[in-house]
Amino acid sequence: MGRVTLGVAVGVAVVACAVAGVVVGRRVRSRRKWGRVVGVLRELEESCETTVGRLRQVVDAMAVEMHAGLASEGGSKLKMLLTFVDHLPTGSEVGTYYALDLGGTNFRVLRAELGGRRSSILSKDVELQPIPQHLMRSTSEDLFDFISSTLKQFIEKEENGSEFSSLRKRELGFTFSFPVKQISICSGILIKWTKGFAIEDMVGREVVECLRAGLIRNGLDMEVAVLVNDTVGTLALGHYHDADTVAAVIIGTGTNASYLERADAIIKCQGLLTTSGGMVVNMEWGNFWSSHLPRTSYDVELDAESPNPNDLGFEKMISGMYLGDIVRRVILRMSQESDIFGPVSSSLLVPFILHTPFVAKMHEDDSPDLQEVARILKEKLEIPEVPLKVRKLVVRICDVVTRRAARLAAAGIVGILKKIGRDGTGGINSVRGRSDMKMKRTVVAIEGALYTSYTVFREYLHEALNEILGEEIAQHVILKATEDGSGIGAALLAASHSSYSVDSVQLL
Ligand code: BGC
């Protein structure tokens, strides 16, 4: 009996030990897995580090590259394109003007009635349409037929049968937000596509010619008064409302900036004559590159797998087209390193499946159990039910990637201010440190969904701007969000460059 009892006791003890062993083993394995995931996160955090010291190096590099791009054609990865916009709307513009705004995820048609007094846009009508995906890779004829027929329907609806003066054609500003080498204010050649567009027959062609042909095919007789980049439209609207506006930045699907430059600083165009002594320069800053940019292995992979490797390095770290995919790549790496997300989901392997607005939603999920994060992981990435600590991890990834983007954008803005001597240091050639020279009120117009609709992004950008410039200088720098500036600005520029305008020459 005693032996039997002993035997049972030993048996129970053995089983208990085995179970305990399994449990402990599982815990150790799960801790190891978690440790690996935390390791991936730490590595991400370190390689995305944007200390103020590093940001200031980016500022300096941006200012130096701007100089190089203005000095000679091909002198820098920054193209520093001439826009032929040598005067900006002042508020005296009158009349009805149309605009087409093509460049991101959406396409807009607008009509603005201008009243002739500063800030008096009497009315504006905007129609927004998502660009059908297939048109982004189709032919120029298909694209411009779509644009022209949308414009035609819009005009018919807006004018509702009323007669437009037969003495003058309707005038149109065309916002085309891709790198264009302008030949004049109303013509230019497409250098390359960005933001997922790939209509091969258009590269190297004159953009306004393509539009005009589309308008004619669709029975529209209009004057294309100006061809502008979206940053230039935004600058025009910013300046229309506030004459201290010196630059404009877009942070949306793509990213870019333009600013007012002195004509004599545009060395690559010796003898450039402008009525105002200045010209708006389209930087195409998405192409900016510097060894000071904090680059991760995810950026390297994203770039290598993109249709344009070694191109658009800054844009690939900052803009809405790419942030979602960087986050997806980090989650994928974690999922391959451990099974905290369950088996690797096949959706997670699909490039660009996670759009940046979902990153913003996950990042800004303030529900206690991060329900939005769980929903997006499930619906977009087919990762069902993950525990709260894993959801928190996902929020942290979004935070690291977004914070880096916002802080780099801030450094880019300060780079421009430095180039034009508005960063409080006396400009790029200054040997002084912070100077006591009087800082002028300096306004930068800004648009794009990352800035306007992603609160955390905007806050990080402002925070970095303050850190880089210091509170004292930063209080003179105002970032002003404009609305529909890319389109309305084109209508304003069409007005200020109208062939019917008697007073078309104004000073900046
Ligand atoms: C384009 C720029 C544009 C920016 C913002 C970039 O991809 O190259 O021309 O201004 O996106 O839309």
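- In the annotation of an unreviewed UniProt entry, the entry for the protein reads Phosphotransferase, and the organism field reads Hevea brasiliensis.
- The protein has a UniProt comment under Sequence similarities (unreviewed entry) that states "Belongs to the hexokinase family."

**Considering the pattern of salt bridges**
And step 1. Per the counting criterion, the structure on display carries 33 salt bridges.
And step 2. With a closest N to O distance of 2.7 Å, E127 and K157 form a salt bridge. Separated by 30 residues along the polypeptide, E127 in strand 4 (residues 121–130) and K157 in helix 3 (residues 140–159) bring together distant segments of the chain.
And step 3. Close ionic contact of D201 with R205 constitutes a salt bridge, the shortest N to O distance being 2.9 Å.

**A word on the site of the ligand**
And step 1. Around the ligand sit 13 residues in total, of which T194, K195, N229, D230 and E284 are the nearest.
And step 2. In this structure, an oxygen atom belonging to the ligand sits 3.0 Å away from a side-chain N or O atom of N256.
And step 3. Between the ligand and E315 there is a distance of 3.0 Å, counted from an oxygen atom to a side-chain nitrogen or oxygen.
And step 4. Protein burial of the ligand: of its 310 Å² of free accessible surface, 98% is covered by the chains.
And step 5. Class assignment for the residues of the shell around the ligand results in 3 nonpolar, 6 polar and 4 charged.

**Observations concerning the packing of helix 2 (residues 52–71) against helix 13 (residues 455–469)**
Two numbers describe a pair of packed helices, the interaxial angle and the distance between the axes.
And step 1. As a packed pair, helix 2 and helix 13 sit with axes 10 Å apart at the nearest point and diverge in direction by 85°. Considering their axes alone, helix 2 and helix 13 lie roughly perpendicular with respect to each other. Touching V52, L55, R56 and V59 of helix 2 are A464, E467 and I468, all from helix 13.
And step 2. Per-class residue counts for the contact of helix 2 with helix 13 are 5 nonpolar, no polar and 2 charged.

**A closer look at a negative patch on the surface**
And step 1. On the surface, a cluster of negative charge is contributed by E43, E46, E49 and E337.
And step 2. Take E43: its relative accessible area is 46%, and that puts it in the partly exposed class.

**Here's the deal with the pairing of strand 12 (residues 442–447)**
And step 1. Among the 6 residues that make up strand 12, 6 are buried, leaving the element largely enclosed by the rest of the structure.
And step 2. Here strand 12 shows no split at all, with T442, V444 and I446 on one side and V443, A445 and E447 on the other all buried.
And step 3. One ladder, built from 5 bridges, connects strand 9 (residues 245–251) with strand 12; its direction is parallel. In the sheet register, V249 faces strand 12, and the bridge partner there is I446.

**Quick notes on the confidence of the model for the protein**
And step 1. For the protein, per-residue confidence averages 90 on the pLDDT scale, and 88% of positions sit at 70 or higher.
And step 2. This model gives residues 502–508 a pLDDT under 50, and the stretch forms 22 contacts once residues within four places in sequence are excluded.

**Some remarks on the packing of aromatic side chains**
And step 1. Scanning all chains against the criterion turns up 13 aromatic pairs.
And step 2. Where F144 meets F174, the ring centres are 6.3 Å apart and the plane angle is 75°; that geometry is what we call edge-to-face. Taken as a pair, F144 in helix 3 and F174 in strand 5 (residues 170–176) lie far apart in primary sequence, 30 residues in all. F174 shares its class with F144; the two are buried.
And step 3. With centroids separated by 5.7 Å and ring planes inclined at 65°, the aromatic side chains of F176 and W193 adopt a geometry described as edge-to-face. Of the two residues, F176 sits in strand 5 while W193 sits in the loop between strand 7 (187–190) and helix 4 (207–217), which places them 17 residues apart along the sequence.
And step 4. Residue W193 is classed as buried on the basis of its relative accessible area of 8%.
And step 5. Following the ring pairs from residue to residue traces out a cluster consisting of F144, F174, F176, F178, W193 and F197.
And step 6. Directly above the ring of F178 sits K195, whose terminal nitrogen or CZ lies 4.8 Å from the centroid.
And step 7. In this arrangement the basic side chain of K389 is found over the ring face of W34, its NZ or CZ atom lying 4.1 Å from the centre.

Procedures and definitions
- Residues numbered from 1 in each chain as written.
- Predicted model: local features only at pLDDT ≥ 70, side-chain atom pairs only at ≥ 80, totals over all residues.
- Heavy atoms only, no water.
- UniProt positions renumbered as here; feature names shortened; annotations may be inferred.
- Salt bridge = Lys/Arg side-chain N within 4 Å of Asp/Glu carboxyl O.
- Helix = DSSP H or I, 4+ residues; strand = E, 2+ residues; numbered from the N terminus.
- Near = heavy atom within 4 Å.
- Polar contact = N/O pair within 3.5 Å; in protein donor to acceptor, adjacent residues only side chain to side chain.
- Areas by Shrake-Rupley, 256 points an atom, 1.4 Å probe, with all protein chains shown as cover.
- Nonpolar A, V, L, I, M, F, W, Y, C, P; charged D, E, K, R; others polar.
- Axes fitted to C-alpha atoms, helices over the stretch in contact; angles between N-to-C directions.
- Parallel < 35°, antiparallel > 145°, perpendicular 65-115°, else oblique.
- Contact = heavy atoms within 4.5 Å.
- Patch = residues over 30% accessible without salt bridge, like charges linked within 9 Å, V, L, I, M, F, W, Y side chains within 5 Å.
- Lys, Arg positive; Asp, Glu negative; His and termini not counted.
- Charge placed at Lys NZ, Arg CZ, Asp CG, Glu CD.
- Buried < 20%, exposed > 50% of the residue type's maximum accessible area, 1.4 Å probe, protein only.
- Pairing = 2+ DSSP bridges.
- pLDDT = per-residue confidence, 0-100.
- Phe/Tyr/Trp six-rings, centres within 6.5 Å; stacked < 30°, edge-to-face > 60°.
- Lys NZ or Arg CZ within 6 Å of the ring centre and 35° of its normal.

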